[in-house]
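Chain and residue survey
Next come the chains, spelled out residue by residue.
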Amino acid sequence: MERWNSTRGSGFILTGILNDSGSPELLCATVAVLYMLALTSNGLLLLVITMDAQLRVPMYLLLRQLSLMDLLFTSVVTPKAIVDFLRVENTISFGGCALQMFLALMLGSAEDLLLAFMAYDRYVAICHPLNYMVLMRPRICWLMAATSWILASLSALGHTLYTMHFPFCASRKIRHLLCEIPPLLNLACADTSRYEFLVYVTGVTFLLFPLSVIAASYTLILLTVFHMPSNEGRQKALVTCSSHLSVVGMFYGAATFMYVLPSSLHSPKQDNIISLFYTIVTPALNPLIYSLRNKEVMGALRRILAKNVLLTYSNI
């Protein structure tokens, strides 16, 4: 097959789900609404946690990092997909594709690790409440956040450089929502089997290991909850755990499908639908599930609004 020098060509063509769906206008409107929801809810959560002194505790420090990751993650993918669809212009340069891949891999991997740390935080809070401020002191929380960012950045950089070094065939069409490793490897004019195995190993490390930590943490949490004397406390904990696990399952399930399952089980249409979940749907749902239903967060939001209203009236 004819090779194409991507560094000198005009770039790639992203033919994602917005172009392949039966009702592209409706899907584009839905994606735009979800993106606005993600921007609003994550931005509001970041603002509330930053401004309210009562929320400067370990759990909310990690939640702030999650909101930042979600805000950046969905912004790496969604605006370009919407603008390209409206302009009927789906090209992306070689450098732009590499940058999008690096950012998406970094933010997705960082969130994988952070969700595991957040599950551990909930385990300590519920199962060892008396030692919570010792085991989850601010320095440890910052170390958890830094570990997530640093390990994810190093992994993303290595994978981006190696993926983009392959010679690509004449077909420049990436049948995917964004530049990711699996659809780009389909365009490579070289043997990628060894590298695909490396991607599998990395996927297991960044997905299945954190997922096992989450599963173990919530199993211990549920065992503790079932022994609670208070029926109201038990129901509250169960509702919180089930909502958290639903989001975790959606994010990890979609990412595991993309990066752990063998390529023989993939199809462009399936991959496009799966990528929607971890790039657009979960960033919109995470703040609603994790925080905006939280009484402490809503109380902080009311305090900030009341304070701003008083300041406004005092300046009139």
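Now for a quick tour of the structure. (Residues numbered from 1 in each chain as written. Predicted model: local features only at pLDDT ≥ 70, side-chain atom pairs only at ≥ 80, totals over all residues. Heavy atoms only, no water.)

**Describing the overall build of the protein chain**
Scanning the protein chain from terminus to terminus reveals eleven helices and five strands. Relative to the globule expectation of 20 Å for 316 residues, the C-alpha radius of gyration of the protein chain, 21 Å, shows essentially globular dimensions. In terms of overall dimensions, the protein chain has a C-alpha envelope of 70 × 55 × 35 Å along the principal axes. Evaluated residue by residue, the protein chain yields a buried proportion of 49% over its 316 residues. Counting only contacts in the protein chain whose residues sit at least 6 apart along the sequence, the fraction spanning at least 24 positions is 78%. On the protein chain, roughly 15800 Å² of surface is accessible, and the fraction owed to carbon and sulfur atoms is 67%. Here the protein chain holds 21 positive side-chain charges and 16 negative ones, and the gap between their average locations is 8 Å. (Helix = DSSP H or I, 4+ residues; strand = E, 2+ residues; numbered from the N terminus. Rg over C-alpha atoms; globule rule 2.2 N^0.38 Å. Buried < 20%, exposed > 50% of the residue type's maximum accessible area, 1.4 Å probe, protein only. Contact = heavy atoms within 4.5 Å. Areas by Shrake-Rupley, 256 points an atom, 1.4 Å probe, with all protein chains shown as cover. Lys, Arg positive; Asp, Glu negative; His and termini not counted. Charge placed at Lys NZ, Arg CZ, Asp CG, Glu CD.)

**A look at helix α2 (residues 24-51)**
With 28 residues, α2 extends 40 Å between its outermost C-alpha atoms, agreeing within 8% with the 40 Å of an ideal straight helix rising 1.5 Å per residue. What α2 keeps buried is the set P24, L27, C28, V31, Y35, A38, S41, N42, L45, L46, V48 and I49. (Expected span 1.5 Å × (residues − 1).)

**Section: the side chain of T202**
With respect to the helices and strands, T202 occurs in helix α8 (residues 193-225). With a relative accessible area of 18%, T202 lands in the buried category. Excluding its chain neighbours within four sequence positions, the residues that come into contact with T202 are S155 and H159.

**Brief notes about the state of the cysteines**
The tally for this structure, following the rule as stated, stands at one disulfide. One disulfide in the model links C97 with C179; its S-S distance is 2.1 Å. For the disulfide bridge between C97 and C179, the dihedral angle about the S-S bond is near -120 degrees, and by the sign convention the bridge is left-handed. Here C97 is found in helix α4 (residues 94-127), whereas its partner C179 is found in the loop between β5 (173-174) and α7 (181-185), with 82 residues between them in sequence. The buried category is assigned to C97, whose relative accessible area is 0%. With relative accessibility at 0%, the residue C179 sits in the buried group. Unpaired in this structure, C141 has its nearest cysteine sulfur neighbour in C127, at a distance of 17 Å. On the accessibility criterion, C141 (0% relative accessible area) is buried. (Disulfide = S-S within 2.5 Å.)

**Notes on the nonpolar core**
In this structure, F12 and L184 are the most contacted members of the largest nonpolar core, which totals 88 residues. Here this core takes 17 residues from α4, the largest share from any one element. (Core = buried A, V, L, I, M, F, W, Y, C linked by side-chain atoms within 4.5 Å.)

**What to know about the packing of aromatic side chains**
Following the criterion strictly, the structure yields nine aromatic pairs and no others. Between the aromatic rings of Y162 and F166, the centroid separation amounts to 5.6 Å while the plane-to-plane angle is 90 degrees, which identifies the pairing as edge-to-face. The interplanar angle of 50 degrees and the centroid separation of 5.9 Å between the aromatic rings of F166 and Y195 together place this pair among those described as tilted. You can see F166 sitting in the loop between α6 (138-164) and β4 (168-169) and its partner Y195 sitting in helix α8, a full 29 residues away along the chain. Neither residue differs from the other here; F166 and Y195 are each classed as buried. One aromatic cluster is present, built from ring pairs that chain together F12, F94 and F168. (Phe/Tyr/Trp six-rings, centres within 6.5 Å; stacked < 30°, edge-to-face > 60°.)

**Re a nonpolar patch on the surface**
A contiguous nonpolar patch, built from F197, L198, Y200 and V201 and spanning about 380 Å² of accessible area, is present on the exposed surface. Note on placement: L198 falls in helix α8. (Patch = residues over 30% accessible without salt bridge, like charges linked within 9 Å, V, L, I, M, F, W, Y side chains within 5 Å. Salt bridge = Lys/Arg side-chain N within 4 Å of Asp/Glu carboxyl O.)

**Topic: the packing of α6 against α8**
Contact geometry of α6 with α8 gives a least axis separation of 12 Å together with a crossing angle of 165 degrees. Comparing their axes, α8 and α6 come out roughly antiparallel. Between α6 and α8 lies a crossing whose hand is left-handed. Between α6 and α8, the residues in contact are L151, A152, S155, H159, Y162 and T163 and Y195, L198, V199, T202 and F206, respectively. Residue composition of the contact of α6 with α8, grouped by class: seven nonpolar, four polar and no charged. (Axes fitted to C-alpha atoms, helices over the stretch in contact; angles between N-to-C directions. Parallel < 35°, antiparallel > 145°, perpendicular 65-115°, else oblique. Left-handed = near helix turned anticlockwise from the far one by under 90°. Nonpolar A, V, L, I, M, F, W, Y, C, P; charged D, E, K, R; others polar.)

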